[in-house]
Amino acid sequence: MLELRHLQYSVTENAETNDIIKDVSLTVPDGQLLVLTGPNGGGKTTLAKLIMGLLTPTAGQILWNGADVTALDLTQRARLGISYGFQQPPRFKGIKVGDLLSIASGKKLLRRTEACALLTQVGLCAADYIDRDVDTSLSGGEVKRIEIATILARESGLMILDEPEAGIDLWSFNKLTETFSALHAKRDATMIIISHQERIIALADEIAVVDHGVITRRGAAAEVYPAIVSGAYNTACPARQ
Ligand SMILES: Nc1ncnc2c1ncn2[C@@H]1O[C@H](COP(=O)(O)OP(=O)(O)OP(=O)(O)O)[C@@H](O)[C@H]1O
Ligand SMILES: [Mg+2]
């Protein structure tokens, strides 16, 4: 189970403090698929990076399976089974797709058939990609799907995917939603997917709306999503102090 207790994250620049995450408390039970959604700049990616250990909270605690992981770094959290797929994935010059999948899986050498199966799950024709470098020659959608394949390879207990739909074509997107749905059906992992996409939201057990650094609403997808679409959570630009 993932538990966030009064999580806060602020940045201070030029003597001005910006409270990006204000006070977030959230519990995600094992095996749940939670979709985080909300307006651009609401704080979703920041929240994901805090959970993964890419950012350090200003206050509050993060507990994973009952253990306080707030002081642990990214590598230590990865060892505990937490993984994160970036909104804009990094590229790794000189590393082949197959090697990256082996590294992610923790196996010295992932069998070619296993690596190919992972690429197929994200809608890539495995034979075309397995020996390619994960460099700038890959398109945005290709690198995004390869990163999702590395997360699948990790078989983590907690997968956080940041806008997996971004830049992905409709055909591959269908494959990706099927993959997420099948993964969720097994309930081996807790999944937090940051998304603005109705088809992904439809897979969720629950949705949480993150806006101006707080969770403004959490509930069943069937209940919360229609309210979002109807404009119930449209927020006005807060007045400057
Ligand atoms: N290092 C930083 N310094 C200053 N402001 C920051 C910093 N990092 C993030 N922000 C601001 O914090 C807010 C939340 O950013 P975040 O990336 O978490 O939003 P998001 O909900 O993921 O948005 P999107 O839907 O566009 O991906 C934004 O207003 C962003 O500009
Ligand atoms: Mg984001």
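Just so we're clear, the structure is a prediction, and the values are computed from it rather than from any experiment.

Surrounding ligand 1, one finds Val-11, Asn-18, Ile-20, Asn-40, Gly-41, Gly-42, Gly-43, Lys-44, Thr-45, Thr-46 and Gln-87. Listed by contribution, the elements that provide at least two residues to the shell around ligand 1 are strand E2 (16-28) and helix H1 (44-52). Among the elements that line the shell around ligand 1, the one with the most residues is H1, at three residues. In terms of residue class, the shell around ligand 1 is built from two nonpolar, eight polar and one charged.

What follows covers the sheet that holds E2. Strand order in the open sheet formed by four strands is E2-E1-E4-E5, and the pairing between neighbours is antiparallel. Only two strands of the sheet have a single partner each, and these edge strands are E2 and strand E5 (67-68). Relative to E2, strand E1 (residues 2-13) is paired through nine bridges, and the arrangement is antiparallel. The residue of E2 that forms the bridge with Thr-12 is Thr-17. Across the sheet, H1 is in contact with E1, E2 and strand E4 (59-64); its angle to E2 comes to roughly 65 degrees.

Before going further, it helps to spend a moment on the sheet that holds strand E9 (residues 158-162). Strand order in the open sheet formed by six strands is E6-E9-E10-E3-E11-E12, and the pairing between neighbours is mixed. Edge positions in the sheet fall to strand E6 (82-85) and strand E12 (214-220), since each has one partner strand and no second. The average undirected angle you get between the axes of adjacent strands in this sheet is 15 degrees. Alignment of E6 against E9, held across four bridges, turns out to be parallel. Considered in E9, the bridge of Ser-83 is made with Met-159. Contacts from H1 reach strand E3 (33-37), E6, E9, strand E10 (190-194) and strand E11 (206-211), with the element oriented near 150 degrees to E9. Against the sheet, helix H9 (residues 221-229) engages E11 and E12, with an angle of about 125 degrees to E12.

With that settled, consider helix H6 (residues 140-154). With 15 residues, H6 extends 22 Å between its outermost C-alpha atoms, agreeing within 8% with the 21 Å of an ideal straight helix rising 1.5 Å per residue. For H6, the buried fraction is high: 13 of the 15 residues fall into the buried class. Glu-155 sits one or two positions beyond H6 and adopts a positive phi of about 50 degrees.

Moving on, we come to the packing of helix H4 (residues 112-121) against H6. Helices that pack against each other are described as a pair by the angle of their axes relative to one another and the distance between those axes. Contact geometry for H4 and H6: axes closest at 9 Å, N-to-C directions at 125 degrees. The orientation of H4 with respect to H6, classified from their angle, is oblique. When you trace H4 past H6, the crossing you get is right-handed. Touching Leu-118, Leu-119 and Gln-121 of H4 are Ala-149, Leu-152 and Ala-153, all from H6. Looking at the contact of H4 with H6 residue by residue, the class counts come to five nonpolar, one polar and no charged.

To continue, consider the nonpolar core. Formed by 62 residues in total, the largest nonpolar core has its most connected members in Leu-101, Ala-149 and Ile-160. Element by element, the count of residues in this core is highest for H6, at seven residues. Not counting chain neighbours up to four residues away, the residues in contact with Leu-101 comprise Leu-110, Ala-115, Leu-118, Ala-149, Thr-150 and Ala-153.

Relative to the assigned elements, Ile-192 resides in strand E10. Along the sequence, Ile-192 and Val-28 sit 164 residues apart, while their C-alpha atoms lie 8.6 Å from each other. Filtering out sequence-adjacent residues up to four positions away, Ile-192 remains in contact with Val-28, Leu-34, Leu-36 and Ile-160.

Attention shifts here to the confidence of the model for the protein. Averaged over the protein, the pLDDT score is 91; the fraction of residues at 70 or greater is 96%. Per-element confidence in the protein is highest for E4, whose mean pLDDT is 98, and lowest for H9, whose mean pLDDT is 84.

Reading the values: the criteria
- Residues numbered from 1 in each chain as written.
- Chains lettered and ligands numbered in written order.
- Predicted model: local features only at pLDDT ≥ 70, side-chain atom pairs only at ≥ 80, totals over all residues.
- Near = placed C-beta within 6 Å.
- Helix = DSSP H or I, 4+ residues; strand = E, 2+ residues; numbered from the N terminus.
- Nonpolar A, V, L, I, M, F, W, Y, C, P; charged D, E, K, R; others polar.
- Pairing = 2+ DSSP bridges.
- Contact = placed C-beta atoms within 7 Å.
- Axes fitted to C-alpha atoms, helices over the stretch in contact; angles between N-to-C directions.
- Expected span 1.5 Å × (residues − 1).
- Buried ≥ 20, exposed ≤ 12 C-beta atoms within 10 Å, placed from the backbone.
- Parallel < 35°, antiparallel > 145°, perpendicular 65-115°, else oblique.
- Left-handed = near helix turned anticlockwise from the far one by under 90°.
- Core = buried A, V, L, I, M, F, W, Y, C linked by C-beta atoms within 7 Å.
- pLDDT = per-residue confidence, 0-100.

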